Amino acid sequence: MEYSDRAVDDELDLLLSALPAVAIDGAKGVGKTSTAQRRAAATVLLDSSAVREAVAAHPESILTRKPPLLIDEWQRVPEVWDVVRRSVDGDRTPGRFLLTGSATPAPGATAHSGAGRITRLRMRPLAFSERRVETPTVSLQQLLTGERPPVEGVTNVRLVDYVDEIMTPGLPGLRGLPPRLLRGELNSYLRNAVDRDIPEQGLLVRKPDVLLDWMRAYAAATSGTASYTEILNAATAGLADKPARSTTAAYRDVLQQLWLIDPLPAWAPLGREFSRLGQTPTHHLADPALAARLLGLTQQSLLDGEGTPLGPQQGTMLGRLFESLVTLSIRVLAQRAEASAAHLRTRNGDHEIDIILTDPTGKVLAIEVKLAGAIVDHDARHLAWFEAACGSQILDRLIINTGPIAYRRPDGIAVIPLALLGP
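The notes below deal with the structure included here.

Rules and cut-offs
- Residues numbered from 1 in each chain as written.
- Predicted model: local features only at pLDDT ≥ 70, side-chain atom pairs only at ≥ 80, totals over all residues.
- Heavy atoms only, no water.
- Helix = DSSP H or I, 4+ residues; strand = E, 2+ residues; numbered from the N terminus.
- Rg over C-alpha atoms; globule rule 2.2 N^0.38 Å.
- Contact = heavy atoms within 4.5 Å.
- Areas by Shrake-Rupley, 256 points an atom, 1.4 Å probe, with all protein chains shown as cover.
- Lys, Arg positive; Asp, Glu negative; His and termini not counted.
- Charge placed at Lys NZ, Arg CZ, Asp CG, Glu CD.
- Core = buried A, V, L, I, M, F, W, Y, C linked by side-chain atoms within 4.5 Å.
- Buried < 20%, exposed > 50% of the residue type's maximum accessible area, 1.4 Å probe, protein only.
- 1 Å grid on protein atoms, 1.4 Å probe; cavity = no way out; pocket = protein on both sides within 12 Å on 5 of 7 lines; lining within 4 Å.
- Points joined across faces, edges and corners; volume = space filled by probe spheres on them.
- Nonpolar A, V, L, I, M, F, W, Y, C, P; charged D, E, K, R; others polar.
- Phe/Tyr/Trp six-rings, centres within 6.5 Å; stacked < 30°, edge-to-face > 60°.
- Arc of directions from axis to C-beta.
- Axes fitted to C-alpha atoms, helices over the stretch in contact; angles between N-to-C directions.
- Parallel < 35°, antiparallel > 145°, perpendicular 65-115°, else oblique.
- Left-handed = near helix turned anticlockwise from the far one by under 90°.

1. Comments concerning the overall build of the chain
In step 1: Across its full length, the chain carries 14 helices and 14 strands.
In step 2: The C-alpha atoms of the chain give a radius of gyration of 22 Å, which matches the 22 Å a tight globule of 423 residues would have.
In step 3: Considering only contacts within the chain whose residues lie at least 6 apart along the sequence, 73% involve residues at least 24 apart.
In step 4: Element-wise, carbon and sulfur atoms account for 50% of the exposed surface of the chain, whose accessible area totals about 18,000 Å².
In step 5: In the chain, 46 positive and 49 negative side-chain charges are present, and the distance between their average locations comes to 3 Å.

As structure tokens, then:
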């Protein structure tokens, strides 16, 4: 498969030009190995049992390879982390090591965090702009300048095209498969996580089907703030012998270690008077296609309005999954622009902002997501409230939708079809 440039490529090249070791973290299949191999002179593939046994017997042997050295799936032999760290202590030449990992080892697996020696870089599935569906006309980085640049562009991407992208994961190796094969691959991906990847993290799953039911309930809570008690109750409806809360907390923790769930944290403003803000994250799997597959949804069933969302937010499952696709895409682009992402919801639910990006200076970009081709004033009410509350701290206000045209409303809010938003 021909390699397509990713937003993370620029970040990676910048880090390797100045730092000795970079670790790329992300769920299986996001493209970590392909991206890293383009920059490596030698590779150690620790997902090979023969290579893994040899390296485990003598971890320092990796240092005989020519740099830049890629150590793929390094968490399979955690001792190599400390070998790299000690090597960097003695030689800080930039670009010596690349490490990729699809899981965070359990605490204590390495002697040291690697802080100051190994820089961590997150890699998520493909953003919409990276899927080459459309040529973007609006730059998120420019919107983050606060200059409120002109917003324009026209796209032929319509709702059915967005549904196709919700159902097709941003995992490069799974793109282009016919629907039946894709469903089978996604089923295998999820089942392997339960049967193999989670036990490799040290969690004994006594009832795999209960864990899958918990994941389905979590998928139903996509883009919402359902409590973990609500998720557990939905997952175990009808079961007299429910798993303990500590068990489901362990599920959540290990799925985060595998980068399979990617919750969007609640916004925690500094130095501003925002009272009664909720603290629950909005729930997201690594890719909305995983949520759709867990729920047994198809393109047609989503368009027909099937699927029951879990949690206090209103809307359809299609709306929730579209918001998750937008959230994934914006997080990929925002990372490149050095902005962090969060969401806002007041405790009584009076006001919500789907995504808030915070730049390094603390100023914010507010984003609402609407599954609509046309935007009306009612859709902008939370953004109007937020700008009044934030004042000069707000950089810009956006509504991401499924319409054909990018433009600015008379009130200054930018309306941008997802297909037209790029780096």
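2. Looking at the nonpolar core
In step 1: Counting residues in hydrophobic clusters, the biggest one holds 97 residues, and the most contacted among them are Leu 357 and Ile 416.
In step 2: With eleven residues, the top contributor of residues to this core is helix H13 (residues 317–336).
In step 3: Sequence-distant contacts of Ile 416, defined by excluding residues within four places in its chain, comprise Val 138, Leu 143, Val 151, Leu 398, Ile 399, Ile 400, Asn 401, Ala 406 and Leu 421.
In step 4: Ala 42, Leu 46, Trp 81 and Phe 97 belong to the second-largest nonpolar core, a separate cluster that totals 19 residues.

3. Brief notes about empty space enclosed by the protein
In step 1: Applying the stated rule across the entire model yields three cavities of 30 Å³ or more.
In step 2: Taken as a whole, the largest cavity holds about 90 Å³ of empty space.
In step 3: Counting only elements with at least two residues in the lining of the largest cavity, the list comes to helix H1 (7–18) and H13.
In step 4: Across the lining of the largest cavity, the residue classes tally to five nonpolar, one polar and six charged.
In step 5: Here the second largest cavity defines a volume of roughly 70 Å³.
In step 6: Residue lining of the second largest cavity: Arg 124, Asp 262, His 284, Leu 285, Ala 286, Pro 288, Ser 324, Thr 327, Leu 328 and Arg 331, and that is the complete set.
In step 7: Looking at the lining of the second largest cavity, the element that brings in the most residues is H13, giving four residues.
In step 8: Here the residues of the lining of the second largest cavity are counted per class, giving four nonpolar, three polar and three charged.

4. Considerations on the packing of aromatic side chains
In step 1: Considering all chains together, one arrives at seven aromatic pairs under this definition.
In step 2: Where Trp 267 meets Phe 386, the ring centres are 5.5 Å apart and the plane angle is 65°; that geometry is what we call edge-to-face. Placement of the pair is Trp 267 in the loop between helix H10 (245–257) and helix H11 (288–294) and Phe 386 in helix H14 (residues 381–390), with a sequence separation of 119 residues. Taken individually, Trp 267 and Phe 386 each receive the classification buried, so the pair is uniform in this respect.

5. A short note on H14
In step 1: Listed as buried for H14 are His 382, Leu 383, Phe 386 and Cys 390. Buried positions in H14, seen along its axis, are confined to an arc of 95° and lie on one side of it.
In step 2: Turning to H14, the residues buried within the fold contact strand S8 (340–345), strand S9 (352–358), strand S10 (364–369) and strand S11 (394–401).
In step 3: At the exit of H14 stands Gly 391, carrying a positive phi of roughly 65°.

6. Section: unusual backbone geometry
In step 1: The step from Pro 67 to Pro 68 runs through a cis peptide bond, and the omega angle for that step is -5°.
In step 2: In this fold, Pro 68 is placed in the loop between helix H3 (49–57) and strand S3 (69–72).
In step 3: Unusually for a residue other than glycine, Ser 223 sits at a positive phi of about 65°.
In step 4: Position of Ser 223 among the secondary structure elements: in the loop between helix H8 (208–220) and helix H9 (228–235).
In step 5: Residue Trp 259 is not a glycine yet carries a positive backbone phi of 60°.
In step 6: Here Trp 259 shows up in the loop between H10 and H11.

7. Remarks on the packing of H1 against H13
In step 1: Axis separation between H1 and H13 bottoms out at 9 Å; the angle between their running directions is 25°. Regarding the angle of H1 to H13, the classification is roughly parallel. Between H1 and H13 lies a crossing of left-handed hand. From H1, Ala 7, Val 8, Asp 10 and Glu 11 reach across to H13, where they touch Val 332, Leu 333, Gln 335 and Arg 336.
In step 2: Of the residues in the contact of H1 with H13, the class split is four nonpolar, one polar and three charged.

8. Considerations on the environment of Asp 9
In step 1: Among the structural elements, Asp 9 can be located in helix H1.
In step 2: Asp 9 sits in the buried class, given a relative accessible area of 4%.
In step 3: Distance from Asp 9 to Arg 120, taken between C-alpha atoms, is 14 Å for residues 111 residues apart in sequence.

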